Amino acid sequence: MTIQIFGTVCIDKVRKIEEFPKTVGTYTAVISEQVLLGGEASNTFVCINEWIEKGHESIKLISPPIVNDLNGKIIMNLLKKSTDKTSEKNVIYTQIIENNGINYNNNNNNNNNNNNNNNNYLKCTPITDIYVCNTKERTMFGIGFPEIDQYMIECKEIRERILNVDLQFGPNHWISIDSNYPSINKEILKKAIVTNTNLYIMDQELDSVVDQLSKENISIEHTSKLIFQSSSDHFGNKDGSIEGFFKIMNQWFQKDNGIFKKFLFILTDSKNGFGIGGTWNNQWIEPYWFTPSTIPPDQVIDTTGAGDAFRAGLIFSLIYKNKSLPDSLEFASASGGLNCLSFGGNSSTPSLISINQFLKLNNKNQMF
């Protein structure tokens, strides 16, 4: 079994401020700034990499192309530092060099092929500016993400490599994606559904994928495992009532003639907990509310990457270690919470020791 995490790898510039501007045009001082490795995929992979055995080759990070500009070189350096415990075979990315040639990092081939038709689509490495204030709220601004997505679709060589070389499909494999590259994600999802590949999806819009498969007369008889994780930010019900969450979940399950009932659906609401329900191990789970053990508010520094650390915990415990769903949810919740004790999504990921200590403190089963 191979677990493949495909998606966002970027630079996060995390800036701490006292408070957000109350009116447009006013000045707010930045107290501090850190340049960190970021992105949902790298946050998740770095977290898992903290827990797995050294030298493993069963969990892989597969990154979209990285531009060979200054920021791209920073990303590659940060990736190397953050994943030094793992095999080089487990971190796969395509480096777009300055003359628009392509260099594949995982097979040491230097292919200086011209891709001049794609110049308009790939100009810079994706960067996210994250502003975190003392009330623990944050907001984010991104650049370069649509261009990378478009490049992966328009550049045939890159698209074919991602779909036919870098990613492995089939019932013995898992692929996890996030939502920042919707165009290439749709191609991945289509092939995954046809090949009966196990999927862990974060926030990606799925209706258009189902519609496209229907138009192409492709039957959706997926019998492998499917997990869909999203947040109240995406569904517009942040800090809403539990009943409201259940209503949203049940409406989602009924869409497209009930095809989404095949998923285990996790709808998170930050520290408040999450709703969970759907299908797991061929059994239907009626949606219920999970209230996690929480981190004391005065210890929370930055919630960036909490959902990614939760995904990492669930992948590690439920999929990689094959633990029970209830225990895995506790482990994932602890991972997500403890990841908020430092700035950035993966600058100081929780260790197995710290997670077990947290679980013990809250009278939960210790694991691993």
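Reading the values: rules and limits
Residues numbered from 1 in each chain as written. Predicted model: local features only at pLDDT ≥ 70, side-chain atom pairs only at ≥ 80, totals over all residues. Heavy atoms only, no water. Helix = DSSP H or I, 4+ residues; strand = E, 2+ residues; numbered from the N terminus. Rg over C-alpha atoms; globule rule 2.2 N^0.38 Å. Buried < 20%, exposed > 50% of the residue type's maximum accessible area, 1.4 Å probe, protein only. Contact = heavy atoms within 4.5 Å. Areas by Shrake-Rupley, 256 points an atom, 1.4 Å probe, with all protein chains shown as cover. Pairing = 2+ DSSP bridges. Axes fitted to C-alpha atoms, helices over the stretch in contact; angles between N-to-C directions. Left-handed = near helix turned anticlockwise from the far one by under 90°. pLDDT = per-residue confidence, 0-100. Core = buried A, V, L, I, M, F, W, Y, C linked by side-chain atoms within 4.5 Å.

J.: Before we go on, may I ask you to explain the overall build of the protein chain in this structure?
T.: Of regular secondary structure, the protein chain possesses 11 helices and 17 strands. Computed over its C-alpha atoms, the radius of gyration of the protein chain comes to 20 Å, within 12% of the 21 Å expected for a compact globule of 368 residues. Dimensions of the protein chain along its principal axes, counting C-alpha atoms only, are 55 × 55 × 45 Å. Here the protein chain holds 368 residues, and 54% of them are scored as buried. When contacts within the protein chain are restricted to residue pairs at least 6 apart in sequence, those whose partners lie at least 24 apart make up 67%. On the protein chain, roughly 16,600 Å² of surface is accessible, and the fraction owed to carbon and sulfur atoms is 47%.

J.: So what exactly am I meant to see when it comes to the pairing of strand 2 (residues 10-17) here?
T.: The side chains of a regular strand alternate between both faces of the sheet. Most of strand 2 sits inside the fold, with 6 of its 8 residues counted as buried. Pairing of strand 2 with strand 3 (residues 30-38) involves 8 bridges; the strand directions are antiparallel. Pairing of Val 14 across the sheet is with Gln 34, part of strand 3. Here strand 2 pairs with strand 10 (residues 127-133) via 7 bridges, running parallel. Note that in strand 10 the partner of Lys 13 across the bridge is Asp 129.

J.: Help me understand the sheet that holds strand 10, please; the structure alone is not making it clear to me.
T.: Paired through backbone hydrogen bonds, the strands of a sheet run either parallel or antiparallel to each other. If you trace the 4 strands from one edge of the open sheet to the other, you get 3-2-10-11, paired in mixed fashion. The open sheet has two free edges, formed respectively by strand 3 and strand 11 (138-143), since each of these has just one partner strand. Strand after strand, the sheet turns through a mean of 20° between neighbouring axes, direction not considered. Pairing of strand 10 with strand 11 involves 6 bridges; the strand directions are antiparallel. Among the inter-strand pairings, Ile 127 is bridged to a residue of strand 11, identified as Ile 143. Contacts from helix 2 (residues 70-82) reach strand 2, strand 3 and strand 10 within the one sheet, and its direction differs from that of strand 3 by about 70°.

J.: For this particular structure, what's the right way to read the packing of helix 9 (residues 306-320) against helix 10 (residues 325-338)?
T.: Helix-helix packing: each pair is described by the crossing angle between the helix axes and the interaxial distance. It is the contact of helix 9 with helix 10, at a shortest axis distance of 7 Å, that shows an interaxial angle of 145°. For helix 9 against helix 10, the interelement crossing comes out right-handed. For the pair formed by helix 9 and helix 10, the contact residues are Ala 306, Ala 309, Phe 310, Gly 313, Leu 314, Phe 316, Ser 317 and Leu 318 on the first element and Leu 325, Ser 328, Leu 329, Phe 331, Ala 332, Ser 333, Ser 335 and Gly 336 on the second.

J.: Just to check I follow, could you spell out the side chain of Ser 317 for this structure?
T.: Along the chain, Ser 317 turns up in helix 9. On the basis of relative accessible area, Ser 317 is assigned to the buried category, the value being 0%. Discounting chain neighbours no more than four positions away, the residues touching Ser 317 are Asn 322, Lys 323, Ser 328, Phe 331, Met 367 and Phe 368.

J.: How should the confidence of the model for the protein chain be read in this particular structure?
T.: Caution applies to low-pLDDT parts of the model: their predicted coordinates are not meant to be read in detail. In the predicted model, the protein chain carries a mean pLDDT of 89, and 92% of its residues have values of at least 70. Considering each helix and strand of the protein chain separately, the mean pLDDT is smallest for strand 9 (residues 109-111), with a value of 39, and largest for strand 12 (residues 173-177), with 98. Overall, residues 107-120 carries pLDDT values under 50, and its contacts beyond four positions in sequence, including any with other chains, amount to 27 contacts.

J.: I'm lost on the nonpolar core in this one. Help?
T.: Soluble globular proteins tend to bury their nonpolar side chains together. Counting 55 residues, the largest nonpolar core has Ile 48, Trp 51, Leu 79, Tyr 200 and Ile 227 as the members making the most contacts within it. The element best represented in this core is helix 9, accounting for 9 residues. Excluding its chain neighbours within four sequence positions, the residues that come into contact with Trp 51 are Lys 85, Ala 312, Gly 313, Phe 316, Phe 331, Ser 335, Pro 350, Ser 351, Leu 352 and Ile 355. With 43 residues, the next largest nonpolar core counts Ile 148, Phe 169, Ile 220 and Ile 259 among its residues.

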